[in-house]
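One letter stands for each residue in the lines below.
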Amino acid sequence: MILMAFGCRDATNHENKARDTMGKQRIELETATFAGGCFWCIESDFEKVDGVVEVISGYTGGHKENPTYESVSSGETGHVEAVQIHYDPSKVTYKAILDIFWRHIDPTDPGGQFTDRGSQYRTAIFYHNEKQKILAEQSKEELNTMGKFEKPVVTEIVQFSKFHRAEEYHQEYYKKNPIKYKYYRFNSDRDKFLRKVWQDSMEGEEIHIKNRRYIKPRDEVLRQKLTPMQYKVTQEDGTEPPFNNEYWDNKRPGIYIDIVSGEPLFSSLDKFDSGTGWPSFTKHLKPDNSVEREDRSLFTLRTEVRSKHGYSHLGHVFTDGPMPTGLRYCINSAALKFIPKEDLEKEGYGEYLKLFEEK
């Protein structure tokens, strides 16, 4: 469930102040608190938003003091799983955050979210002032009239009371436990639902999300852009021949991106010679740019790896890799585009230069 509200962190003042990174001026932060099902997922989604400074997982809307994960999960405290978002309103508006909120939940489900059932997973917007309330009600009405859903929007709009920070192991869970998180998220069918509802309107739409540029082009565009092998691998779950592909023995420093969407996937710093004839890596460059799922083809159980935004088939991950991860991401060259270190800035991936400077 998603809970949203403007105000300060303790909900008693509607202005948070924080110094900028240079310490020379003060900026006013505002707060949005959401509940939208599993707070691991909502925290992950909003940490990608340009202008968001911090996202905290927690509980709100209940009647018991000092709730714990176990007590909230029982459904007896009245709380919902929630996130509290501290953001810079000069970079992202409350209305924009509302738009993002709707695009990451099923607002028509009164009994929970996806595989998480119970009142503790219901969706709601908790407003902190009259302005918030008006904007939230307007946004909900607009969503109802868009015709995106067959059922009416049932997300509650409720006055905010108090927010309780969740246990530390829940904070940034998607970073601390990327494999478990991605396995949970994929099997929840959350992203499958969101793609079905919003994919057509997401292309080219700017809603202040940092990775919104990573989109999957239409099929007719892909057929023109990709080689036959690239199309077969990424769109038809194919496999290229070993030792006869572009990057299996590439040793240049740089990063590997999805050939379809351009999202960063792997780094040469994590590449190793596995002897298989395919590019092999010990870990992702950016874990939240990929999804993993069970693959029962070829009469065996494997874990398939796909890009998140392009949803390209990349390859598979195995547990026979070197330490420290013990993982081997066996990836098709045809699914990748290599950006050498010297071209990172020019190609728009300058943020990754520091990795090679540190090395």
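In this text, all values refer to a predicted model and were calculated from it rather than measured experimentally.

This next bit is on the overall build of the protein chain. Within the protein chain, the regular secondary structure consists of 10 helices and 18 strands. A total of 359 residues make up the protein chain; the buried ones form 51% of that total. Of the contacts made within the protein chain by residues no fewer than 6 positions apart, 68% connect residues no fewer than 24 positions apart. Approximately 17400 Å² of the protein chain is accessible, and the part contributed by carbon and sulfur atoms is 49%.

In this section: the packing of helix α1 (residues 39–46) against helix α6 (residues 178–188). Helices that pack against each other are described as a pair by the angle of their axes relative to one another and the distance between those axes. Closest axis-to-axis distance for the α1/α6 pair is 11 Å, and the angle between their directions is 105°. Looking at the two axes, α1 sits roughly perpendicular to α6. On α6, the residues that touch W40, C41, S44 and D45 of α1 are Y181, Y184 and R185. Partitioning the contact of α1 with α6 into residue classes produces 4 nonpolar, 1 polar and 2 charged.

Right, let's get into the nonpolar core. Counting 38 residues, the largest nonpolar core has F34, F46, I85, Y87 and F101 as its most contacted members. Among the elements that make up this core, the one with the highest residue count is helix α3 (residues 94–102) (7 residues). Once residues within four sequence positions are removed from consideration, I85 is found in contact with E30, T31, A32, T33, F34, F46, V52, E54 and V55. Within the second largest apolar cluster, 16 residues are counted, among which are Y247, Y256, V305 and V317.

Further remarks concern the sheet that holds strand β15 (residues 302–307). Sheets are built from strands paired through backbone hydrogen bonds, the pairs being either parallel or antiparallel. One open sheet holds the 6 strands; their spatial order is β12-β13-β17-β16-β15-β14, and the pairing between them is antiparallel. With one partner strand each, in any of the chains shown, β12 (271–272) and β14 (290–295) form the two edges of the open sheet. Here β15 pairs with strand β16 (residues 313–318) via 4 bridges, running antiparallel. Across the sheet, T303 pairs through a bridge with V317, a residue of β16. Where α6 meets the sheet, it contacts β14 and β17 (328–331), and its direction lies at approximately 70° from that of β14.

Bringing the confidence of the model for the protein chain into the picture now. Mean pLDDT over the protein chain works out to 86, with 88% of the residues at or above the 70 mark. A low-confidence stretch, residues 1–26 (pLDDT under 50), is modelled with 109 contacts involving residues beyond four sequence positions or located in other chains. Between residues 202–212, whose pLDDT stays under 50, and residues either more than four places distant or in other chains, the model counts 26 contacts.

Let us now look at the pattern of salt bridges. Summed over the entire model, instances satisfying the criterion amount to 20 salt bridges. Measuring nitrogen to oxygen at the nearest pair gives 3.2 Å for the salt bridge that ties K162 to E65. With K162 in the loop between β8 (156–159) and β9 (163–165) and E65 in the loop between β3 (52–60) and α2 (69–73), the pair connects residues that are 97 residues apart, well separated along the chain. Relative accessible area serves as the criterion here: at 42%, K162 is assigned to the partly exposed category. On the basis of relative accessible area, E65 is assigned to the partly exposed category, the value being 49%. When the shortest N-O distance is used, the salt bridge between R165 and E168 registers 3.3 Å. Overall, the relative accessible area of 45% leaves R165 in the partly exposed class.

Our focus in this paragraph is the side chain of S188. Here S188 shows up in helix α6. S188 has contacts with F114 and T115, leaving out every residue within four places of it along the chain.

Quick look at the packing of α3 against helix α4 (residues 130–145) now. As a packed pair, α3 and α4 sit with axes 10 Å apart at the nearest point and diverge in direction by 45°. Relative to α4, the element α3 is oriented oblique. Read as a crossing pair, α3 and α4 show a hand that is right-handed. In contact with Y94, K95, L98, D99 and W102 of α3, α4 contributes Q132, L135, A136, S139, K140, E142 and L143. Taken together, the residues that form the contact of α3 with α4 break down as 6 nonpolar, 2 polar and 4 charged.

Further remarks concern α1. Most of α1 is tucked away: 8 of the 8 residues are buried. Those residues of α1 that sit buried are F39, W40, C41, I42, E43, S44, D45 and F46.

On to the packing of aromatic side chains, then. This model, assessed by the stated rule, comprises 18 aromatic pairs. Between F101 and W102, the aromatic rings sit 4.8 Å apart at their centres with planes inclined by 40°, giving tilted as the arrangement. One aromatic cluster in this structure is built from Y247, Y256, F266, F281, Y329 and F338. Above the ring of Y174, the side-chain terminus of K48 is found at 5.8 Å from the ring centroid. Sitting above the plane of the Y311 ring, R195 keeps its charged end 4.4 Å from the centroid.

For the rest of this paragraph, the subject is the pairing of β14. As judged from the 6 bridges shared by β14 and β15, these two strands associate in the antiparallel manner. The residue bridging E294 from the neighbouring strand is T303, located in β15. Where β14 hands over to β15, the hairpin turn is made up of 6 residues, of which L298 adopts a positive phi near 60°.

Conventions and cut-offs
Residues numbered from 1 in each chain as written. Predicted model: local features only at pLDDT ≥ 70, side-chain atom pairs only at ≥ 80, totals over all residues. Heavy atoms only, no water. Helix = DSSP H or I, 4+ residues; strand = E, 2+ residues; numbered from the N terminus. Buried < 20%, exposed > 50% of the residue type's maximum accessible area, 1.4 Å probe, protein only. Contact = heavy atoms within 4.5 Å. Areas by Shrake-Rupley, 256 points an atom, 1.4 Å probe, with all protein chains shown as cover. Axes fitted to C-alpha atoms, helices over the stretch in contact; angles between N-to-C directions. Parallel < 35°, antiparallel > 145°, perpendicular 65-115°, else oblique. Nonpolar A, V, L, I, M, F, W, Y, C, P; charged D, E, K, R; others polar. Core = buried A, V, L, I, M, F, W, Y, C linked by side-chain atoms within 4.5 Å. Pairing = 2+ DSSP bridges. pLDDT = per-residue confidence, 0-100. Salt bridge = Lys/Arg side-chain N within 4 Å of Asp/Glu carboxyl O. Left-handed = near helix turned anticlockwise from the far one by under 90°. Phe/Tyr/Trp six-rings, centres within 6.5 Å; stacked < 30°, edge-to-face > 60°. Lys NZ or Arg CZ within 6 Å of the ring centre and 35° of its normal.

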